[in-house]
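Residue-level listing of the chains:
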Amino acid sequence: MKLPSQECYHILQDTKGYIWFATEQGLCRYDGEGLSVYNEKNGLPEKAVYALEMDESGKIWIITSTNRILYIDNEKLQEASFSNAFRQISKGRIVTSLVFVNAEEMYLDTYVRGTFLINKKTGACTEIKHTQNYYDYDVNLINNKLIAFNGRANENVRPKPPISEKLNYFISGKLKQVVVVPQIKLPVRSTFLLTCSMADKKYVAFGQNLIVLNPDGTHETHRLPGVVLSMYADEDGGLWIGTLLKGVFYYNSADLQSKPINSLNNYSVSGIIKDAEGNIWCTTLEKGLFFCRNEKVWSYSIPNMQQNPQVLTYLNGNLFVTWQKKIYVLNDSVLKEVSFDVTSPDYITDISFFNHKYYISSHGFLVLTDENFTRIHPVRKQNWPYNCAAKQLKSANGKLYTLGSSLIGEIKGLVCNYRKSVPAMPLGTCFEPLDNDCFLVGTRDGLWKVTWMGDRSSIIRIPGITQPVSDILKDKKGRIFIATKGEGLFLYKDEKLLAVNRWFAIPARILFEIVQDVNENYWISSNEGLYCCTMQGSRVSTRVYTQSDGLPADEVRELAATPDRIFFSSVFGISSLPLDSEEKRGNPRIYLSNLQINNKHINTGHLPHQLKYSQNTFRFHFDILSFKDFSPHIAYQLKGRDKVFSHSNSTELVLENLSPGKYKLIVYGENSKGIRSTQPFVYTFYISKPFWQTWWFIALELVTMVLIFIFVLRVLIRRAQKKSEEKNRINALLAESQLTALQAQMNPHFVFNAINSIQNYILKNQKEEAYNYLAKFSHLIRMILYNSQKKIVVLAKELEILSLYVELEQMRCKQSFDFEVDLNETIDENEVLLPPTLIQPLLENAIWHGLIPLKNRRGKLRLLFAIENNLLKVVIEDNGIGRNQSKREKPGIDHHSMALNLVNDRIQMTGQLYDAMEDASIQIVDLYDETNNPQGTRVEIYLPLL
């Protein structure tokens, strides 16, 4: 983060979880993503803040360089009502600290020149001076808060400095204890008087002196490495002391007799805190703010080391690190170089301790040396005068073995005996001795098993791994684990490989090393962090350490386990963790930092709950206070729209075009481990309906619709009435037309001829014929009269009438013509409908004007029904004299035209009732023979299928 000034003074974490620190150029608040600065632009013209504290209610208070007293209210600076009064009585003094002893009283301590008590309720400001010697120090325990008093008895009298200094310990104003600090020779009185409490112990520091006041009335005096600028006691029992130009010193469990851990050397540490997640924050006077995610992660430096070391191993009670051709050993938390000189350009590949000797290997040499690295002896191949070379050394079953490029050998003293493998073994990367002269060898393309047989060895591939094998571990119970670069972790059992990444809950697939510590935990390095796996029976619990847990980098390479710590390497050097290190990761906290509704900024302190229908687009920005994480995110659910929680990879949430209704937004902050905030952000709001969706507008719409419906209904009724009247008129016309058709069908000539035929049968005493003719005639009349009452009839009924009519005509004409009915097989005569008495006039025309005048041949009348183009086709065809001859014989009378007009009228009348009749049509075709003589007439009628 970019600080307004590198000179920082105090630091604290508020009740919400924000980090606050004072600088020479303003007050800063950090939320994990951005820095908010209070300076001359927002109420802090003097910029510099020298004191910072939080009261019991969680309100932040500051003292500026001009002794103004301010506090934060709704993220804005407000000046206290008693600020001016305090400035008047504290002119020329610098406030270095303030302490709240209860809800009303606050103590302000100045550098050397006095302490002040302010009552926040009444605004009264009082200066407090002790009455002891000029060089004495007073501390007063009030409400379990240790207050330092820097006031002087007499400003104008400065006695000769004594050889000792005294600390007067008061409890609620009564002198409890006097501590003498002897043998201190100072020309002037010591600088700051600082206090700190941990459980029942009280710590007081001045200069380089630290006094521990025990609850039993005893005390301890300690000389510190530097002048104390700040003190902090964390909740885990650790004591942190910031010094002038000596950095910060950490005493684990507040054990002042132990050697402290020193960091930030050459810096003046002015403030220290440990936040709720266990992160350490330090402010300095020279270089701003420093941050540590885990104080239990220790780092060790090797000069000029720019990449991972070649070897990291724990042997014979010593931790060894090799970098290029140099060997380092850890001594008193410092890596010190071991004097080791071999005339070879090759880097060291491994170190092994066997039979009280160290064996050191590289790609160009293998040597033996004593425990002090004073004498170096080369190890040579058997029957070979040159040095050996080795990639890895391992001891097992009382023997020491070495892995060469593609050979495995046994080292005895200064001689190494290699055995050739058949077929040749691939280039090995690591190996593990088994029982009975067997070895597992990891290579760049899988795992192999090598078995020694005499002076040679056989080799077989173990199926299951195709990626490079990086390490092989045989644990204390004889289980063998295989780490690979690309396929994860395997267990070798019964000469088979079992993938155990899921069992060990290790998502990483690129693994580098695996070791087992004294507690039988497995430590596995990977490109995604350091894994610690604890096996209890068949169950494995796994913890992962990454940068968010304090590691310098996520990618960890070499490993070594000592009795109390796990050491690991990264691109930043060597680091370590305690074996029993527990993750301290509190729940993240979530706060709304910004809200826009329809791109308009809303005061987050007063969120609106009743919104207009147009206010339906929201943009939320949250502060997720999780300082261990690089990218905290949110999980949210909008009740009223969403049924389940959704996740966002950012801290911003956009809700667009929400429908009117009641909503409840629930948002949790999440860290990289998937841990949610304990308390979610909850926002309930209601988006009003637009006026056209309100009850009164809907009621108005309903009334309007009813009125429109009534109006439309009345119009429709009127139209229906008119249509009914028109239909009645059409029916009347149709009835008239039917009567006309009936009259046309019952032509007087036909009736007269029929009666004459009956009379002729009677005169000739042909009673049976007369009776038969009369019966059929009367039956025809009844059928015609019956069908004339209907608008449409089935084809079967119409055929019955037509057949009966033609039969009577045949009887009358003495069977002078034949009649044929052809009904297509696709027609169901009981389903097809047509208007009644439509075809009879055309049959009558064909008989009377075409067939009866025929002299030279027997007459033939054909009636055909078929389906064509989804229409009913009716064909009336005769082989009579034709229309032209008929006109010549009976000039002035066009019977065909009369019949056609009658049929057309019937079709038009029926079409007014049935729209489909619009497709009906009639065609007349005159028939001729080859010599163009008339051969009859064909009439084609096309009717829609009703």
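Residues numbered from 1 in each chain as written. Predicted model: local features only at pLDDT ≥ 70, side-chain atom pairs only at ≥ 80, totals over all residues. Heavy atoms only, no water.

- An unreviewed UniProt entry annotates the protein as Histidine kinase originating from Taishania pollutisoli.

### Regarding the overall build of the protein
Next up, step 1: In terms of regular secondary structure, the protein is built from eight helices and 72 strands.
Next up, step 2: Whereas a compact globule of 946 residues would reach a radius of gyration of roughly 30 Å, the protein reaches 57 Å, over 25% beyond that.
Next up, step 3: Across the 946 residues of the protein, 49% fall into the buried class.
Next up, step 4: Summarising the internal contacts of the protein: among those between residues at least 6 apart in sequence, 51% fall at separations of at least 24.
Next up, step 5: Carbon and sulfur atoms form 50% of the exposed surface of the protein, whose accessible area is close to 46900 Å².
Next up, step 6: Side chains of the protein carry 106 positive and 99 negative charges; the gap between the two charge centres is 4 Å. (Helix = DSSP H or I, 4+ residues; strand = E, 2+ residues; numbered from the N terminus. Rg over C-alpha atoms; globule rule 2.2 N^0.38 Å. Buried < 20%, exposed > 50% of the residue type's maximum accessible area, 1.4 Å probe, protein only. Contact = heavy atoms within 4.5 Å. Areas by Shrake-Rupley, 256 points an atom, 1.4 Å probe, with all protein chains shown as cover. Lys, Arg positive; Asp, Glu negative; His and termini not counted. Charge placed at Lys NZ, Arg CZ, Asp CG, Glu CD.)

### Focus on the nonpolar core
Next up, step 1: Ile-839, Leu-861 and Ile-876 are the most contacted members of the largest nonpolar core, which has 44 residues in total.
Next up, step 2: Broken down by secondary-structure element, the contributors of at least two residues to this core are α3 (748–763), α4 (767–787), α5 (795–812), α6 (840–851), β69 (859–868), β70 (871–878), α8 (895–913) and β72 (934–944).
Next up, step 3: In this view, Ile-876 contacts Ile-839, Leu-842, Leu-843, Ala-846, Leu-861, Arg-862, Leu-863, Thr-937, Arg-938, Val-939 and Ile-941; residues no more than four positions away in its chain are not counted. (Core = buried A, V, L, I, M, F, W, Y, C linked by side-chain atoms within 4.5 Å.)

### Things to note about the confidence of the model for the protein
Next up, step 1: For the protein, the mean per-residue pLDDT works out to 86, and 91% of the residues sit at or above 70.
Next up, step 2: Confidence drops under a pLDDT of 50 for residues 153–158, and excluding neighbours within four residues, the segment shows 10 contacts in the predicted structure.
Next up, step 3: Confidence drops under a pLDDT of 50 for residues 183–190, and excluding neighbours within four residues, the segment shows 22 contacts in the predicted structure. (pLDDT = per-residue confidence, 0-100.)

### A word on the packing of α5 against α6
Next up, step 1: The N-to-C vectors of α5 and α6 enclose an angle of 20°; their axes lie 11 Å apart at closest approach. In this view, α5 runs roughly parallel relative to α6, as classed from their interaxial angle. Here the hand of the crossing between α5 and α6 comes out right-handed. From α5, Leu-802, Tyr-805, Val-806, Glu-809 and Arg-812 reach across to α6, where they touch Gln-840, Leu-843, Glu-844, Ile-847 and Trp-848. (Axes fitted to C-alpha atoms, helices over the stretch in contact; angles between N-to-C directions. Parallel < 35°, antiparallel > 145°, perpendicular 65-115°, else oblique. Left-handed = near helix turned anticlockwise from the far one by under 90°.)

### Considerations on the pairing of strand β7 (residues 69–73)
Next up, step 1: The buried fraction of β7 is high, at four of five residues.
Next up, step 2: Strand direction decides the pairing type here: strand β6 (residues 60–64) and β7, joined by three bridges, are antiparallel. By the bridge assignment for β7, Ile-63 is matched with Ile-69.
Next up, step 3: In textbook terms, the turn of a hairpin is the stretch between consecutive antiparallel strands, and for β6 and β7 this stretch comprises four residues, one of which, Asn-67, has a positive phi near 65°.
Next up, step 4: When β7 meets strand β8 (residues 76–79), the two strands line up antiparallel, connected through four bridges. In the strand pairing of β8, Tyr-71 is matched with Gln-78. (Pairing = 2+ DSSP bridges.)

### Digging into the sheet that holds strand β60 (residues 618–625)
Next up, step 1: Pairing is antiparallel in the open sheet, where four strands are placed in the order β58-β57-β60-β63. At either end of the open sheet lies a strand with only one pairing partner, and these are β58 (600–602) and β63 (652–655). Between one strand axis and the next, the sheet turns by 25° as a mean value, whatever way the strands run.
Next up, step 2: Here strand β57 (residues 589–597) pairs with β58 via three bridges, running antiparallel. Counted as the bridge partner of Ile-597 is Lys-600 from β58.

### Section: the UniProt feature "transmembrane region" (unreviewed entry) in the protein
Next up, step 1: Mapped onto this numbering, the UniProt entry gives "transmembrane region" (unreviewed entry) at residues 695–717.
Next up, step 2: Helix makes up 100% of residues 695–717 and strand 0%, whereas the separation of the span's terminal C-alpha atoms amounts to 32 Å. (UniProt positions renumbered as here; feature names shortened; annotations may be inferred.)

### Some remarks on a positive patch on the surface
Next up, step 1: Taken together, the side chains of Arg-714, Arg-718, Arg-719 and Lys-722 make up a positively charged region of the molecular surface.
Next up, step 2: With respect to the element layout, Arg-714 can be found in helix α2 (residues 695–745). (Patch = residues over 30% accessible without salt bridge, like charges linked within 9 Å, V, L, I, M, F, W, Y side chains within 5 Å. Salt bridge = Lys/Arg side-chain N within 4 Å of Asp/Glu carboxyl O.)

### Side note on the sheet that holds strand β48 (residues 489–493)
Backbone-to-backbone hydrogen bonds pair the strands of a sheet. The strands run either parallel or antiparallel.
Next up, step 1: Reading across from one edge, β46-β47-β48-β49 is the order of the four strands in this open sheet, with antiparallel pairing throughout. Of all the strands in the sheet, the pair left with one neighbour each is β46 (469–474) and β49 (496–499). The average angle at which neighbouring strand axes cross in this sheet is 25°, direction not considered.

### So, the packing of α4 against α5
Next up, step 1: Interaxial distance between α4 and α5 falls to 10 Å at its minimum, and their mutual angle equals 145°. In this structure, the crossing between α4 and α5 has a hand that is left-handed. Here Asn-772, Tyr-773, Lys-776, Phe-777, His-779, Leu-780, Met-783, Ile-784 and Asn-787 of α4 lie close against α5, whose contacting residues are Lys-797, Glu-800, Ile-801, Leu-804, Tyr-805, Glu-807, Leu-808, Met-811 and Arg-812.
Next up, step 2: For the contact of α4 with α5, a count of residues per class yields 10 nonpolar, three polar and five charged. (Nonpolar A, V, L, I, M, F, W, Y, C, P; charged D, E, K, R; others polar.)

### So, the pattern of salt bridges
Next up, step 1: Throughout the structure, instances matching the rule amount to 26 salt bridges.
Next up, step 2: Residue Glu-295 is joined to Lys-274 by a salt bridge in which the shortest nitrogen-to-oxygen separation is 2.8 Å. Pair noted here: Glu-295 is in the loop between β27 (289–292) and β28 (298–300) and Lys-274 is in strand β25 (residues 269–274), with a separation of 21 residues, a long-range link.
Next up, step 3: Taken together, the salt bridges that share partners define one network made up of Asp-234, Asp-236, Lys-274 and Glu-295.

### Brief notes about the pairing of strand β35 (residues 366–369)
Next up, step 1: The two faces of β35 match: Leu-366 and Leu-368 on one face and Val-367 and Thr-369 on the other face are all buried.
Next up, step 2: Where strand β34 (residues 357–362) meets β35, four bridges bridge the pair, whose relative direction is antiparallel. Looking at the pairing, Ser-361 lines up with Leu-366 of β35.
Next up, step 3: Hairpin geometry of β34 and β35 is characterised by an intervening segment of three residues between the two adjacent antiparallel strands.
Next up, step 4: Linking β35 to strand β36 (residues 376–378), which pair antiparallel, is a turn of six residues; within it Phe-373 sits at a positive phi near 60°.

### Quick notes on the packing of aromatic side chains
Next up, step 1: Scanning the model with the defined rule gives 37 aromatic pairs in all.
Next up, step 2: Arranged with centres 5.2 Å apart and planes meeting at 65°, the rings of Phe-622 and Phe-681 form a pair that is edge-to-face. Of this pair, Phe-622 sits in strand β60 while Phe-681 sits in strand β65 (residues 681–687), and the two are 59 residues apart along the sequence.
Next up, step 3: Ring pairs connect the aromatic residues Phe-618, Phe-620, Phe-622, Tyr-663, Phe-681, Tyr-683 and Phe-685, which therefore count as one cluster. (Phe/Tyr/Trp six-rings, centres within 6.5 Å; stacked < 30°, edge-to-face > 60°.)

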